[in-house]
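# Fold and contact review
Residues per chain, in single letters:
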Amino acid sequence: MTKFVNLVKLSVGTDSVDSLDAWQKMRATELPNSLPRHVTRMWPKREAEVLNGGSIYWVIKGSIQARQKILRLDEVIGSDGIRRCAIVLDPELIRTQSTLKRPFQGWRYLKPEESPMDLPKGRGQEEPLPTELASALAEIGVL
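No experiment lies behind these values; they were computed from the predicted model shown. (Residues numbered from 1 in each chain as written. Predicted model: local features only at pLDDT ≥ 70, side-chain atom pairs only at ≥ 80, totals over all residues. Heavy atoms only, no water.)

What follows concerns helix H1 (residues 17-28). In a regular helix each residue adds 1.5 Å, so 12 residues correspond to 16 Å; H1 covers 16 Å between its end C-alpha atoms and thus fits that length. Among all positions in H1, only Val17, Leu20, Gln24 and Ala28 are buried. Here the buried residues of H1 occupy an arc of 70° about the axis, which is enough to place them on one side. Residues of H1 that are buried sit in contact with strand E3 (55-60), strand E4 (63-77), strand E5 (83-89) and strand E6 (94-100). (Helix = DSSP H or I, 4+ residues; strand = E, 2+ residues; numbered from the N terminus. Expected span 1.5 Å × (residues − 1). Buried < 20%, exposed > 50% of the residue type's maximum accessible area, 1.4 Å probe, protein only. Arc of directions from axis to C-beta. Contact = heavy atoms within 4.5 Å.)

Before going further, it helps to spend a moment on the pattern of salt bridges. Any two side chains of opposite charge can pair, on the condition that their charged atoms come close. Scanning the entire structure with this criterion turns up nine salt bridges. Where Glu30 meets Arg27, a salt bridge forms, and the shortest distance between an N and an O atom there is 2.4 Å. Owing to a relative accessible area of 54%, Glu30 belongs among the exposed residues under this scheme. (Salt bridge = Lys/Arg side-chain N within 4 Å of Asp/Glu carboxyl O.)

Right, let's talk about the nonpolar core for a bit. Taken as a class, soluble globular proteins show a tendency for nonpolar side chains to be buried jointly. In terms of nonpolar packing, the biggest core is built from 17 residues, with Leu7, Trp58, Ile70 and Ile87 touching the most fellow members. When residues of this core are traced back to their parent elements, those giving at least two are H1, E3, E4 and E5. The contacts of Leu7, once residues within four sequence positions are left out, are Val50, Ser55, Ile56, Tyr57, Ile70, Ile87, Trp107, Arg108, Tyr109 and Leu110. Counting residues in each nonpolar core, the second largest holds six residues, with Val8, Tyr57, Val59 and Leu110 among its members. (Core = buried A, V, L, I, M, F, W, Y, C linked by side-chain atoms within 4.5 Å.)

A word on unusual backbone geometry. In this structure, Lys61 takes a positive phi of about 55° despite not being glycine. Take Lys61: it is sitting in the loop between E3 and E4.

The buried fraction of E3 amounts to six of the six residues, a majority that puts the element mostly inside the structure. Burial of the side chains of E3 extends over both faces: Ser55, Tyr57 and Val59 are buried on one face and Ile56, Trp58 and Ile60 on the other. Strand direction decides the pairing type here: E3 and E4, joined by six bridges, are antiparallel. Paired with Tyr57 across the strands is Arg67, a residue of E4. Counted between consecutive antiparallel strands, the loop separating E3 from E4 contains two residues, among which Lys61 sits at a positive phi close to 55°. (Pairing = 2+ DSSP bridges.)

Structure below.
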């Protein structure tokens, strides 16, 4: 059995999967290999599991809505001399079932069995449920 773990991260400043995609494409022209990346202060202690098939799941407007495969972790030294971790991502954003997620700081590990399922390709443009409806459905165990 393949053992891997995912990460989950708030996508601050984006209103939708499309706006995250547009922002990443704009920034990619400035990055090595034109691959999107997220730079963070903390290096995952479970690096081997993250790199064994993990994805980063993006929380947008209070719910997980998309994921990207993690390709590698690069060391980046900031202008302040501090070592940081650049999570290098596959450019393809894969939309997922909308899953509510409370706010948190930084990134967190997300077990594969707790990760939302990918949406079928044809359903990629669906809007997430309104937050109130999603909350009500989650409370009764439907979502």
